[in-house]
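Residues per chain, in single letters:
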Amino acid sequence: MNNFSGKNVMIYGAGTGLGKSLAAALGKERANLALISEKRSDLEDVEREVGIFRTRVYGYTCDSGSGKDVERTIKTVLGHFDAIDIIIHIPLPFACAPYTQCTRDAVFNEMQRRIAGPILLMRHFVNDMGAKNSGSIVIAVDDTAVRGRSAHALAGAASSGMKGFADALRVEMKTRGASKVHVTTALIGGSGMNRGDGATEKILEALKSGKTSITYPSGAGLLSRFRH
């Protein structure tokens, strides 16, 4: 995929940081954008900044902790786009308490917001990609969540879960004969998730080349955490 012009791109977590940076970069390359965030105020800033490129830009608020809201968001996106060519998942910012202080409901709610909700949101569009044997999916994983820091246990569980989801999805696409659907895992550390920095360029390069995994900052040590 050397040209993003006219492609329909859905970015989950588009309101801040890396998601916002990717929206700007893809808008500049004339992609159409379906931008999803939990906060309407964040989307307004992104829509205003990307709107100068005169592409189709729609912002959607979605409470991924609610299955009904996820289904509503899917229907709303389908009202504006016949299909999605590229899906980019950016994890939610950390908001969870230390694991030992979490209630049962808190654990289930965080897993719903960070894993189940995003996976359900992608499902219809991924199925469509598989049927057409065309499309790209990027699952960004926050390295900070898997470093063993206090209050990051649930975020670490979700990050590892999304990495496993991406790997399994890649195999599933090949098994069903949809080898042209590219699934990329992007392990992002440092300030890459908060500001975009060089992570944006690395993800765009991966989309163009069809790489299955990237790290930013680069280094085998980051990815090795998920291999053992």
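Scroll up a little and you will see the structure.
Residues numbered from 1 in each chain as written. Predicted model: local features only at pLDDT ≥ 70, side-chain atom pairs only at ≥ 80, totals over all residues. Heavy atoms only, no water.

Right, let's talk about the packing of helix H1 (residues 17–28) against helix H7 (residues 199–209) for a bit. Working note: a packed helix pair is described by the angle between its axes plus the distance between those axes. Across the interface, H1 lies against H7 with an axial gap of 9 Å and an inter-helix angle of 55°. Relative to H7, H1 is oriented oblique. H1 and H7 meet at a crossing whose hand is right-handed. The segment H1 lies against H7, with Leu18, Ser21, Leu22, Ala25 and Leu26 engaging Ala199, Thr200, Ile203 and Leu204. For the contact of H1 with H7, a count of residues per class yields seven nonpolar, two polar and no charged. (Axes fitted to C-alpha atoms, helices over the stretch in contact; angles between N-to-C directions. Helix = DSSP H or I, 4+ residues; strand = E, 2+ residues; numbered from the N terminus. Parallel < 35°, antiparallel > 145°, perpendicular 65-115°, else oblique. Left-handed = near helix turned anticlockwise from the far one by under 90°. Contact = heavy atoms within 4.5 Å. Nonpolar A, V, L, I, M, F, W, Y, C, P; charged D, E, K, R; others polar.)

Time to look at the sheet that holds strand E6 (residues 181–188). The seven strands are arranged E3-E2-E1-E4-E5-E6-E7 in an open sheet whose pairing can be described as parallel. Strands at the two margins of the open sheet, each flanked by one partner only, are strand E3 (57–61) and strand E7 (213–216). Put simply, the sheet's adjacent strands are angled 15° from each other on average, direction ignored. By the bridge criterion, five bridges tie strand E1 (residues 8–12) to strand E2 (residues 32–37) in an arrangement that is parallel. Following the sheet pairing, Tyr12 is matched in E2 by Ile36. Contacts between helix H3 (residues 67–80) and the sheet are confined to E2 and E3, with E3 contributing the most and set at about 170° to the helix. (Pairing = 2+ DSSP bridges.)

It is worth spelling out H3 at this point. The first and last C-alpha atoms of H3 sit 21 Å apart over 14 residues, in line with the 20 Å expected at 1.5 Å per residue. Within H3, the full set of buried residues consists of Asp69, Val70, Thr73, Ile74 and Val77. Take H3 and look down its axis: the buried residues cluster within an arc of 145°, on one side only. Within H3, the exposed residues directed more than 90 degrees away from the buried face are Lys68, Lys75 and Gly79. (Expected span 1.5 Å × (residues − 1). Buried < 20%, exposed > 50% of the residue type's maximum accessible area, 1.4 Å probe, protein only. Arc of directions from axis to C-beta.)

Attention shifts here to the pairing of E6. Summarising burial for E6: seven of the eight residues are buried, a large majority. As paired elements, E6 and E7 share four bridges and run parallel to each other. Bridging from a neighbouring strand, Leu187 pairs with Thr215 of E7.

Attention now goes to the pattern of salt bridges. If charged atoms from side chains of opposite charge come close, those side chains can pair. A full pass over the atoms with the stated rule returns 15 salt bridges. The partner of Glu110 in a salt bridge is Arg114, with the nearest N and O atoms 2.7 Å apart. Here Arg114 and Glu110 lie together in helix H4 (residues 104–132), a separation of four residues that amounts to about one turn. One exposure class covers both Glu110 and Arg114, and it is buried. Salt bridges linked by common partners bring Glu38, Glu110, Arg113 and Arg114 together as one network. (Salt bridge = Lys/Arg side-chain N within 4 Å of Asp/Glu carboxyl O.)

This part takes up the nonpolar core. Burial of nonpolar side chains together is a common tendency in soluble globular proteins. Ranked by size, the top nonpolar core spans 31 residues in total, and within it Ile84, Ile87 and Ile137 carry the most contacts. Elements that contribute at least two residues to this core include exactly E1, E2, H3, H4, strand E5 (135–142), helix H5 (153–175) and E6. The dominant element in this core, judged by the number of residues it contributes, is H4, at six residues. Aside from chain neighbours lying at most four places away, what touches Ile87 is Met10, Met122, Phe125, Val126, Met129, Ser136, Ile137 and Val138. Ranked by size, the runner-up nonpolar core spans 30 residues in total, among them Leu22, Leu35, Ile90 and Leu204. (Core = buried A, V, L, I, M, F, W, Y, C linked by side-chain atoms within 4.5 Å.)

For the rest of this paragraph, the subject is the environment of Leu121. For Leu121, the position within the fold is in helix H4. According to the relative accessible area criterion, Leu121 is buried, its value standing at 2%. A sequence separation of 51 residues divides Leu121 from Val70, and the C-alpha atoms of the two residues are 5.9 Å apart.

Just geometry here; none of it tells us what the structure is for.
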